[in-house]
Amino acid sequence: MSINLSKSLAAIGPDRLAARLDALSGRTVKTISLPGGNQRNVLRVTFHDGPSWILIKRDKDYREARERQVLDVLAAIQTKRVPRVLGVLGEWTIISDLGKNRLTHHIQRTAAADRWQVVENTAREILAFQDAANACPDIASLPPVLLSEDELLHIATGPERTCARYKLDLPVPVPDSLLPWIGAPTPRFIKGDCRAANIVMDDDGVLGWIDFEYAGLRHGSEDLAWLLCDETLAVPLDGRLDAVDALIREARPDDPESYLKSFCINATLHAGMRLRVIHNELRKGAWLDYGNIIKDDLVGVHPELTMRLARKAGLLADQYPETRALVDIYAAIGEMVEQARTAPG
């Protein structure tokens, strides 16, 4: 048996953990590994026969409880695209394993000219998955996600924190003008944290969704924002906004104009949050290796990834007057990164 555990997980005792898994499964453990890297409490357990398991332990009890609740509700869909809760082992939740081929890795193996089609298909599948989830009998029992007045105001004032973080003295959007577009008068299901590393593909190219600790009820467009403004997604948005427009009009025909506006405003604000996260991580050290970022699912602390994200954010911000002030902010961030990357020494 091969075991590769982080220090925090090694305290469990590899032999004891394997023995408990043997007893619980009625099988024999073959390997225990860390698919999310040694910074996450996620284990992949393979056996000498039968399907593998994923064990997860969130850093907050309420997140673990939410994930179990969400997966229990989504079990009504009866699809292999969503993990099933198989049981518990102490503080760990055991779920079915949807596979190792993350969308981030698949994109890297795809020719640049073909990558947008993969992303567009994924976006379409996300909206179809939301529709299936919203048809579940108990979907309304799920908790809201970032919809309190204080939470919405915190999101709307994000540009002020972006300017402070990057030491920019530039005008920012008026928060009150953003609030109507980032709330949700009729909350619906969102996957949450819907970035490429949390989407997997099986051998037939069928998508599966993992990591539901941030799932719940909100507007719905946030999932597209997470996907398209994921700094590790190696696909630019230049020339693609018409395709996004057409996709939303097809999938959300009831009120596409409102949906599009909510998507763009949520997406550009989300991109700003990611740029703040990158800046925070960069203060801890130097730029990271691109290959390691993709392999280990790290924050995209890399000049090319940061500039591409700033470019995406600017394109989205330019779509509506409420966010147009952000265009100059994101352009300035891109220029700062470019100068830092090319500076001698």
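Bear in mind the structure is a predicted one, so any value in this text is a computation, not a measurement.

Draft legend 1. Representation of helix H7 (residues 158-165) in the model. What H7 keeps buried is the set Gly158, Pro159, Thr162 and Cys163. Looking straight down H7, one finds its buried side chains confined to an arc of 140 degrees; they lie on one side. On its buried face, H7 sits against helix H6 (149-156), helix H11 (256-282) and helix H14 (325-342). Where H7 ends, the next residue or the one after it, Lys167, has phi of about 55 degrees, a positive value.

Draft legend 2. Highlighting the layout of surface pockets. Of the pockets and cavities examined, the second largest pocket occupies roughly 420 Å³. For the second largest pocket, the lining is made up of 21 residues, of which Thr186, Arg188, His219, Arg252 and Tyr259 are closest to its centre. Mapped by element, the contributors of at least two residues to the lining of the second largest pocket are helix H5 (115-134), helix H8 (175-182), strand S7 (188-190) and H11. Grouping the constituent residues of the lining of the second largest pocket by class yields eight nonpolar, eight polar and five charged.

Draft legend 3. Geometry of the nonpolar core. Membership of the largest hydrophobic core comes to 76 residues, with the highest contact counts inside it found for Leu74, Ile139, Phe189, Phe212, Leu227, Phe263 and Ile333. Top element by residues in this core is H11. It accounts for ten residues. Setting aside its immediate chain neighbours within four residues, Phe212 contacts Arg66, Glu67, Val70, Leu71, Leu74, Val82, Pro83, Phe129, Phe189 and Lys191. The next biggest cluster of nonpolar side chains, apart from the first, holds 14 residues, and it includes Ala18, Leu21, Leu34 and Leu89.

Calculation notes
Residues numbered from 1 in each chain as written. Predicted model: local features only at pLDDT ≥ 70, side-chain atom pairs only at ≥ 80, totals over all residues. Heavy atoms only, no water. Buried < 20%, exposed > 50% of the residue type's maximum accessible area, 1.4 Å probe, protein only. Helix = DSSP H or I, 4+ residues; strand = E, 2+ residues; numbered from the N terminus. Arc of directions from axis to C-beta. Contact = heavy atoms within 4.5 Å. 1 Å grid on protein atoms, 1.4 Å probe; cavity = no way out; pocket = protein on both sides within 12 Å on 5 of 7 lines; lining within 4 Å. Points joined across faces, edges and corners; volume = space filled by probe spheres on them. Nonpolar A, V, L, I, M, F, W, Y, C, P; charged D, E, K, R; others polar. Core = buried A, V, L, I, M, F, W, Y, C linked by side-chain atoms within 4.5 Å.

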